[in-house]
Every structure is written in structure tokens, then in C-alpha cells.
Amino acid sequence: MITLFDKPDTVWELIANGLPWTLTLAASSLAIGFVLAVGLALLRLSPLKPVRWAAWTYVYFFRSTPLLVQIFLIYYGLGQFEAVRDSFAWPLLREAHWCAILALTLNTTAYTSEIIRGGLQSVPWGQVEAAKACGMSVLMRFRRVIFPQAIRQALPGYGNEIVLMVKSTSLASTITLLEMTLIARKETSATFTIEPLFVAAMFYLAINFLATRGVMAIEYKLSPELRDAKRLLPLPDQQPAAR
Amino acid sequence: MSEALALLAWGDGGWGDEMVFGAFVTLQVATLAFALGIVIGTGGAAVKLSKVRGVPLLGDLYTTLIRGVPDLITIYIIFFGGGQVAMGVAQLFGYTGYIEFDALTTGVLALGIISGAYSTEVIRGAVLAVPKGQIEAAKAAGMSTSLRFRRILVPQAARYALPGLGNVWQLTLKDTSLISVVGLVEIMRQAFVASGSTKEPFTFFVTAAVLYLALTSLSNKVFDKAEIWANRGVRRA
């Protein structure tokens, strides 16, 4: 991972050195998790009972246990089995950051799938019927009618999930990953001041502020029907004369 | 499988009793923190709904800070800095001794402050959900402020708040796992210690997961029951 400041002069620079990891963890798990969550939400709405049940169990497990348990299960737990230690994945699962990304991804997939499911179910059935009547295929119906509206509906909830994930990356500090929280905690232990923790808190607040603003901007862009007209269009007789 | 069960046996030979004891500590911290959170949340909601100019801003500051900062950071700040603050306050009263928060105090205080922020929003919403006409009717009936509060506002707001508070409880229960980082021997810490001495981390973290699942599922049922009870007089379409 890149180091922003080789010789940090201030606490701010020191904590900023953890920023790349925090952002990497949040961005990668959110990105992979979103794709998986769309799939999982569709499985949750599958007509086949065993499929629905399996998806429900996954969501239930990851939403009912603390993220810390999930992280420890993957980082410490998997190494218990020889089969895992001998497998091709071991060089990855041995590393704290891959474990953190894996745990965060699996976790956010469960939460996000519920948000997307809510969005999918909010699309009125009449629209699906109308799309069918127009002769759209299943795939086109999903792409053009259901999905865009579901996303718009799910966006506010997803904004909360982004904030939660940014906060959750701090748990990676428990498995020795040097992101902002661990740097701040080490510095606090070394200097006996809690200033580093406050600085880290400010960084998280700033990230979350920007993230929520970003989501609000997308929301604004995606819902033109809810916007107030910025300027009134000129009435026909007020239109400038054609040149 | 049988080896794993032997590890989880009751008594000196296994870790079963220790894990269950950890679950009781988890439940204890969660309950105390949740209760503290409701007290803070009630105050927070009052601050946020205050009509005095500038006062609601304080409430916004509290909820925004707590909800935007990782819980782990909040816990560390209280663990490392809470003692200093307490000593400062104690010095005002002439006490000059050394104060340090133990893990349990840190846990209850930190989780209480965190869940308090979420409870504030829930309770604020619930108070706003009580129709204004009812308060006006109570005024017209000649009820005093405290009587209105006790008989009209609280019973109804409590009903509206119940589902939201159920979510806050789930959150608090899961958040107790974070207190293990400051050394409180609850489920997570116990699982960590056990897996360190037996070299079977998977077994113990799965056990921890199962205990959390049991606690969340059980409390879900309790809250569902409570909701049915609270809504027993309400007619639904």
C-alpha cells in the first residue's frame, strides 16, 4: 500500500497514512458486495423454495452475528483446517487485508441484498405487465424497467450502508491491518494522549460526509420529477423571435 | 466433531461453561448499555425537539458525531480518555485520586453513548408521531404538563418507538463484541482466549457465532411479543 507521508510531522499526517487502507477496504468491499448483493436479492425472490431458503439463511447469519466474529472466523478460524492451509487460497487467506476484504464483502452483501430486495419489490407490478405487453424480454424488462427504479428506491438505504461500511473498516485494526484506527490506537498508547483518536474520528467524519453528499447528488440526478423547476420556461409568445 | 464437543464440555475439562458465562456478560453489558441509551436518547430527543433556538443543534451534533465515527474509535476514546475526564470532574469536588475506567464501565458507557444516539432518533420520531390534536385535547381537558406527558405522550410514543428500539437493541447486542478489545471477558474475548490455548480457533468462533445467533433470535422473539402486546388495542386495516 502507498505511504502518503514517509516521515509524518504531525498527527494528521500520521493518521493520513492509514487512509489508503481504509478507503481501499471500504471501496473494494462495497463494489464487489454490490454486484453480489444484486444476485443475492434475485435469489431471495426466486420462485424455487430451496434457493430462497438458502439466500435467507445467508442473510440471516451475516446480519445476526457481529462483524468481528465474521472477521475472526475468516482470519483466525480458517487456518485450523489442513485442507485450507494446503489449498491454493492459503497465500491469500494468510494475509490480514485479504481476510478483511473478504469478511467486509460477505457482510455488506447480506445487508445490501436486503436493501436492493426492498427496491425491487417496490416496483409496481403493473409496470412489469406493461413491459410484457410491449413485448420486452425478461432481461430487457429487468434492465430497462425494474432495475433502474429499484436502484432509485434503494439509494437512500444504500447511502446508510456506505457509511456503515466506512465505519466497519475500523474493525480490520483487530487483525493487525495498519489502517487509520490501528495507527491512532498505537499512537495513543505510545504518547498517552487521545488526540490521535480524535484526528482519526475527524477523518472518518469527513469521508462519511463526502459519501453522503455524493449519494444525495446521485439521488438528485436520478429523480428529476421531484425537483423544483429551476427556471420557468418562456411562454410561447415570450419566445425570442426567430432570426 | 466429537473432539470439538469435548472442547466445549462443561466444567474443568472444556470451555462450555466459560463460553456460556461469557454470553451472560455480553447480555449484561448490552442490557445496561441499552437502558443507558434509552435514558440518553430520551434526553437527546428532548434536546432535538426543544423550541429554544440553537438547542436542537446540540442534539444534531451529538447524533451526527456518534453515527459518523466508528464505534471502535468511540470505545477507545472513552477507554483511554474517560478516566482523565472523570478525574477532572472529581477534582472539582476535591477528589485528587487516580481514576481509571475498568472494561465493564467503559463498555456500558461507550455502548450507552452510541446506542443513545440511535435511540435519540427513534424516540424523536415516535414523539412526533403522536398526533398534535391529542395533546391539544388533553390541554382542553385541563391536564397539567406532567399529566399530559405521563398519560398521553409517553404511552403512545413508547408504542411507536418499540420497533425502532428493537433495532437499536440488536445493534447494541452485536456491538458488545467490540468491547472485547479493551479486555472485557464476554463471548468474543472468551472465544479468543479459548482458541489461543487450544489452537482450535474455528471451533470457538463458530461457537461464539452460534451464541450471538441465539441471543439475537431470542430477543427478536421477545420484541415481536412486546409489539403485539403494545398494539393489542389498535385496530389495523
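Fair warning: this is a prediction, and the values are worked out from it, not measured in the lab. (Residues numbered from 1 in each chain as written. Chains lettered and ligands numbered in written order. Predicted model: local features only at pLDDT ≥ 70, side-chain atom pairs only at ≥ 80, totals over all residues. Heavy atoms only, no water.)

### Considerations on the overall build of chain B
Along chain B, the regular secondary structure elements total nine helices and zero strands. Its helices and strands taken in sequence order, chain B reads α-α-α-α-α-α-α-α-α from the N to the C terminus. Along the first, second and third principal axes, the C-alpha atoms of chain B reach 70 × 55 × 30 Å. When the accessible surface of chain B is totalled, it reaches about 12,500 Å², and 66% of it is carbon and sulfur. Positive and negative side-chain charges in chain B, numbering 19 and 15 respectively, have mean positions lying 21 Å apart. (Helix = DSSP H or I, 4+ residues; strand = E, 2+ residues; numbered from the N terminus. Areas by Shrake-Rupley, 256 points an atom, 1.4 Å probe, with all protein chains shown as cover. Lys, Arg positive; Asp, Glu negative; His and termini not counted. Charge placed at Lys NZ, Arg CZ, Asp CG, Glu CD.)

### Considerations on the interface of chain B and chain A
Taken residue by residue, the interface counts 35 residues in chain B and 35 residues in chain A. Overall, the association of chain B and chain A removes approximately 2,900 Å² of surface from exposure, summing both partners, and the carbon and sulfur fraction of that is 77%. Linking chain B with chain A are one salt bridge, by the criterion used here. Its salt-bridge partner being Asp71(B), residue Lys167(A) comes within 3.8 Å of it at the nearest N-O pair. Our count for the contact surface shared by chain B and chain A stands at ten residue pairs in polar contact (both at pLDDT 80 or more). Elements with a minimum of two residues in the side of chain B that touches chain A: helix H3 (55–68), helix H4 (71–92), helix H8 (187–198) and helix H9 (201–230) of chain B. Of all the elements, H9(B) adds the most residues to the side of chain B that touches chain A, at ten residues. Of the residues contributing to the side of chain B that touches chain A, the split by class is 21 nonpolar, nine polar and five charged. (Contact = heavy atoms within 4.5 Å. Buried area = accessible area lost by both parts, 1.4 Å probe. Salt bridge = Lys/Arg side-chain N within 4 Å of Asp/Glu carboxyl O. Polar contact = N/O pair within 3.5 Å; in protein donor to acceptor, adjacent residues only side chain to side chain. Nonpolar A, V, L, I, M, F, W, Y, C, P; charged D, E, K, R; others polar.)

### Digging into the environment of Pro20(A)
Residues and elements named next belong to chain A. Secondary-structure assignment places Pro20 in helix H2 (residues 19–44). Residue Pro20 is classed as buried on the basis of its relative accessible area, which comes to 10%. For the pair Pro20 and Gln121, spaced 101 residues apart in the sequence, the C-alpha separation amounts to 37 Å. Beyond its immediate stretch of four places on either side in the chain, Pro20 contacts Met1, Ile2 and Leu4. (Buried < 20%, exposed > 50% of the residue type's maximum accessible area, 1.4 Å probe, protein only.)

### Some thoughts on unusual backbone geometry
For Thr176(A), which is not glycine, the phi dihedral falls at a positive 70°. Note on placement: Thr176(A) falls in the loop between helix H9 (138–168) and helix H10 (180–191). Judged by its relative accessible area of 54%, Thr176(A) falls in the exposed class. Residues other than glycine seldom take positive phi values, yet Lys199(B) does so here, at roughly 60°. Note that Lys199(B) resides in the loop between H8 and H9. Judged by relative accessible area, which is 65%, Lys199(B) ranks as exposed.

### Points about the layout of surface pockets
Residue and element names in this part refer to chain B. Computed from the structure, the second largest pocket encloses a volume of approximately 880 Å³. Around the second largest pocket, the lining is made up of 27 residues, and of these Leu49, Val127, Leu128, Phe149 and Leu153 lie nearest the centre. Among the secondary structure elements, those contributing two or more residues to the lining of the second largest pocket are helix H2 (16–48), helix H5 (103–129), helix H6 (132–140) and helix H7 (145–175). Among the elements that line the lining of the second largest pocket, the one with the most residues is H7, at ten residues. Looking at the lining of the second largest pocket, its residues break down into 20 nonpolar, two polar and five charged. (1 Å grid on protein atoms, 1.4 Å probe; cavity = no way out; pocket = protein on both sides within 12 Å on 5 of 7 lines; lining within 4 Å. Points joined across faces, edges and corners; volume = space filled by probe spheres on them.)

### Quick word on the nonpolar core
Counting 105 residues, the largest nonpolar core has Ile15(A), Ile175(A), Ile73(B), Ile187(B) and Met188(B) as the members making the most contacts within it. If we skip the residues at most four places from it in the chain, Ile73(B) touches Thr181(A), Leu197(A), Ala200(A), Ala201(A) and Tyr204(A). (Core = buried A, V, L, I, M, F, W, Y, C linked by side-chain atoms within 4.5 Å.)

### Re the packing of H2(B) against H7(B)
Residue and element names in this part refer to chain B. The N-to-C vectors of H2 and H7 enclose an angle of 135°; their axes lie 9 Å apart at closest approach. With respect to their mutual orientation, H2 and H7 come out oblique. H7 is crossed by H2, and the crossing has right-handed handedness. Residues Thr26, Leu27, Ala30, Thr31, Ala33, Phe34 and Ile38 of H2 pack against Leu165, Val168, Trp169, Thr172 and Leu173 of H7. Grouping the constituent residues of the contact of H2 with H7 by class yields nine nonpolar, three polar and no charged. (Axes fitted to C-alpha atoms, helices over the stretch in contact; angles between N-to-C directions. Parallel < 35°, antiparallel > 145°, perpendicular 65-115°, else oblique. Left-handed = near helix turned anticlockwise from the far one by under 90°.)

### So, the side chain of Thr109(A)
Residue and element names in this part refer to chain A. Position of Thr109 relative to the elements: it lies in helix H7 (residues 96–122). In this structure Thr109 comes out as buried when scored by relative accessible area, which is 4%. Of note is the side chain of Thr109, whose polar atom sits 2.7 Å from the backbone oxygen of Thr105. Residues within four places of Thr109 in sequence aside, it is in contact with Gly33, Leu36, Ala37, Leu40 and Tyr58.

### What about the environment of Ala35(B)?
With respect to the secondary-structure elements, Ala35(B) resides in helix H2. Placed 73 residues apart in sequence, Ala35(B) and Val108(B) show a C-alpha to C-alpha distance of 9.5 Å.

### Description of the packing of aromatic side chains
For the coordinates displayed, the defined rule picks out 18 aromatic pairs over all chains. Measuring from ring centre to ring centre gives 6.5 Å for Phe34(B) and Phe223(B), while their planes differ by 85°; the resulting arrangement is edge-to-face. Of this pair, Phe34(B) sits in helix H2 while Phe223(B) sits in helix H9, and the two are 189 residues apart along the sequence. The class for Phe223(B) is buried, based on a relative accessible area of 17%. Consider the rings of Phe79(B) and Phe80(B), whose centres lie 5.3 Å apart with planes at 70°: the pair is edge-to-face. Look at Phe79(B) and you get partly exposed, because its relative accessible area is 26%. Taken together, the aromatic side chains of Phe72(A), Tyr75(A), Tyr76(A), Phe192(B) and Phe205(B) make up a single cluster linked through ring pairs. In this arrangement the basic side chain of Arg232(B) is found over the ring face of Trp229(B), its NZ or CZ atom lying 4.4 Å from the centre. (Phe/Tyr/Trp six-rings, centres within 6.5 Å; stacked < 30°, edge-to-face > 60°. Lys NZ or Arg CZ within 6 Å of the ring centre and 35° of its normal.)

### A look at the pattern of salt bridges
By the definition in use, this model includes eight salt bridges over all chains. The partner of Glu114(A) in a salt bridge is Arg117(A), and the shortest N-O contact between them spans 3.0 Å. Of this pair, Glu114(A) and Arg117(A) both sit in helix H7, three residues apart, which is roughly one turn of that helix. Members of the salt-bridge network, linked through shared partners, are Lys48(B), Asp60(B), Arg67(B), Glu121(B) and Arg124(B).

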